[in-house]
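Summary of the model geometry
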Amino acid sequence: MIQVPRGTQDVLPKDAARRDVVEAHAKRILGAAGYARIETPTFEATELFARGVGESTDIVQKEMYTFDDGGGRSVTLRPEGTAGVARAYIEHGMHKLPQPVKLWYLSSFFRREAPQKGRYRQFWQIGAETIGSGEPAADAELIVLLADLLDAVGVRGSRLRLNSLGTPETRAAYREELKAYLLAHEDQLSQEVRGRIETNPLRAFDATDPGTQHVMANAPLLLDRLAGEDADHFAEVRQLLDDAGVAYDVDPTLVRGLDYYARTLWEFTSESLGAQSGVAGGGRYDRLIEQLDGPPTPASGWAAGIERMLLAGGEQPIAPAPVDLFVAIDGVAARDAFRLAGEARQAGLSARMELATPTRSLKGQLKQADRLRARYVAIVAGEGDPRLKEMDSGEQRELPLGDVIPTILRGSRLS
Ligand code: HAM
């Protein structure tokens, strides 16, 4: 038997129904705040992620599915959505539109990570990006909308961690300070962290080995080095969240695995998720558009993992929508049944007809209609008028074929 590749999974109809609910919440919440849907291609030029996400990140170094497009160009299955949206913003001259441009997406992404519960190699995200605003209010708005979405989806036990990375200049000075600190304690660090002192010293805060954690407990913090406008910006974001009643913890050790962030950074975790506790995350990326050859454009955004939202939201099954009409066949009447089901759909009803092979007995068909929670069953026979049965009351009567749909539309009782 051929099975799905490791780390991927099928979205079965029962899962799709729950995803539809998540999508509807996203559409409602983000739509009301002026976000328009965007979808970018599943694969992009590899260079986009190398330059956008960052050469030194785990994503670019280890996790991308990269291949030749058949014409000598290297392309990559998108590991995340922000770089592609930024590319589209530049490519379509969206900087000429009134700013900010607010975009959202629901797409699948690909990372070659070790699969486990809540961590897949193909996964889905809902993402939102506000491009063209540097305001603290843009960050706060994004965070409030994300909190609303997680709430609507029923994510339990969530906690918001917030940090600020300052501007790249502040960060550059801090990096030097941190590098010197790490080099002074090199013998206590894990090999992985030691290997990254030059390229990405900040990631040392993410390390899970006790030696590195011990060193990092006393490491200098970027948050303590924020000055002037950076500090004011972060204070304003916190003030707006306080005003909105969104609870958060400032966590100066929060770093995320993407290089494009500057200033505000946040992550929602859920205690019901276990090891892969990150349910959603985002931040400000004021330099990304420029780094990808666009005009200097401040921007901010987030993404929430659909699988993780569903895991953290509990497993409430969603009953499929009831069917208005089931057309049962008594004898040789497939053409009438086919026509009636089609006309019912044209009239705006949901309709199904008997399609089993071999055709079920009439009793079996009524049982199937019951399973589908059909409101009415029309039993069409080869000759004579069909019988219309109201499943709730069990009442039924014969009526001309042309009266079946109007009767259902009127919702009149059959008795
Ligand atoms: P990220 O934190 O890498 O951010 O991913 C966002 C969310 O996607 C995570 O919180 C998690 O729920 C989900 N996720 C990530 N990797 C996996 C995986 N292997 N399996 C299942 N779910 C996963 C970004 O992707 C940024 N583009 C977010 C952003 C948008 N920043 C600014 N704008």
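What counts and how
Residues numbered from 1 in each chain as written. Predicted model: local features only at pLDDT ≥ 70, side-chain atom pairs only at ≥ 80, totals over all residues. Heavy atoms only, no water. Domains from an automatic or database assignment. Pairing = 2+ DSSP bridges. Helix = DSSP H or I, 4+ residues; strand = E, 2+ residues; numbered from the N terminus. Contact = heavy atoms within 4.5 Å. Axes fitted to C-alpha atoms, helices over the stretch in contact; angles between N-to-C directions. Near = heavy atom within 4 Å. Polar contact = N/O pair within 3.5 Å; in protein donor to acceptor, adjacent residues only side chain to side chain. Areas by Shrake-Rupley, 256 points an atom, 1.4 Å probe, with all protein chains shown as cover. Nonpolar A, V, L, I, M, F, W, Y, C, P; charged D, E, K, R; others polar. Buried < 20%, exposed > 50% of the residue type's maximum accessible area, 1.4 Å probe, protein only.

1. What to know about the domain arrangement of the protein
- Domain boundaries in the protein define domain 1 (13–166 + 226–313) and domain 2 (323–410).
- A straight line from the C-alpha centre of domain 1 to that of domain 2 covers 48 Å.

2. Examining the sheet that holds strand S8 (residues 249–250)
- Taken in spatial order, the eight strands make up an open sheet running S1-S5-S6-S11-S10-S9-S7-S8, and their pairing is mixed. A strand with exactly one partner marks an edge of an open sheet, and here the two such strands are strand S1 (36–37) and S8.
- Taken together, the seven bridges between strand S7 (residues 158–164) and strand S9 (residues 264–270) define a ladder with antiparallel strand orientation. Bridge pairing in S9 links Arg161 to Glu267.
- This element, helix H1 (residues 13–32), spans S1, strand S5 (101–110), strand S6 (122–131) and strand S11 (299–305) of the sheet and lies at about 5° to S6.

3. A closer look at the site of the ligand
- If you check the shell around the ligand, you find 26 residues, and the closest are Glu80, Glu113, Glu129, Arg256 and Tyr261.
- One nitrogen or oxygen atom from the side chain of Glu80 is found 2.6 Å from a nitrogen atom belonging to the ligand.
- Within the contact set of the ligand, a nitrogen atom lies 2.6 Å away from a side-chain nitrogen or oxygen of Tyr261.
- Protein chains bury 95% of the 660 Å² of accessible surface belonging to the ligand in isolation.
- Among the elements that take part in the shell around the ligand, strand S10 (residues 278–284) stands out by supplying six residues, more than any other.
- The residue inventory of the shell around the ligand, partitioned by class, reads 10 nonpolar, nine polar and seven charged.

4. Looking at the side chain of Glu307
- Structurally, the position occupied by Glu307 is in helix H11 (residues 306–312).
- The class for Glu307 is buried, based on a relative accessible area of 7%.
- There is a polar contact of 3.2 Å between the side chain of Glu307 and the side chain of Arg19.
- Here the side chain of Glu307 touches Trp124 through a polar contact of 3.1 Å, landing on its backbone nitrogen.
- Those residues in contact with Glu307 that sit more than four places away from it in its chain are Gln9, Arg19, Tyr120, Gln122, Phe123 and Trp124.

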